[in-house]
Amino acid sequence: MMVFENCIIKYVKRNDANVCIRVTYPSNDDGSHRELSVPLDPDNTYYQDILEWEKIDGNTIKDAD
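Nothing here was measured: the structure is a model prediction, and the numbers come from that model.

Chemist: When you look at the pattern of salt bridges in this model, what are you seeing that I'm missing?
Modeler: When their charged atoms lie close together, side chains carrying opposite charge are able to pair. Enumeration according to the criterion identifies three salt bridges in this entry. Between Lys-10 and Asp-65 there is a salt bridge whose closest N-O contact spans 2.8 Å. A residue pair is termed long-range when its members are at least 10 positions apart, and Lys-10 in strand 1 (residues 8-14) and Asp-65 in the segment after helix 1 (45-55) qualify at 55 residues. For Lys-10, a relative accessible area of 24% corresponds to the partly exposed category. The partner of Glu-52 in a salt bridge is Lys-55, and the shortest N-O contact between them spans 3.0 Å. With Glu-52 and Lys-55 both in helix 1, this residue pair falls three residues apart, about one helical turn.

The rules behind each value
Residues numbered from 1 in each chain as written. Predicted model: local features only at pLDDT ≥ 70, side-chain atom pairs only at ≥ 80, totals over all residues. Heavy atoms only, no water. Salt bridge = Lys/Arg side-chain N within 4 Å of Asp/Glu carboxyl O. Helix = DSSP H or I, 4+ residues; strand = E, 2+ residues; numbered from the N terminus. Buried < 20%, exposed > 50% of the residue type's maximum accessible area, 1.4 Å probe, protein only.

Right under this line is the structure:
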């Protein structure tokens, strides 16, 4: 399972529907950061990892803006 410690995990919405999940990792020392755009596909291993992460008490995928 991927590590999502200190990440921002948030739905991305288009046309009033969630289309993917954006995972934003904490900034590096140089200010850069890594982002993943994860499709809402049950066969996608990143999506599976996020769903497992969400089952842990206190973890929630944030709503889209």
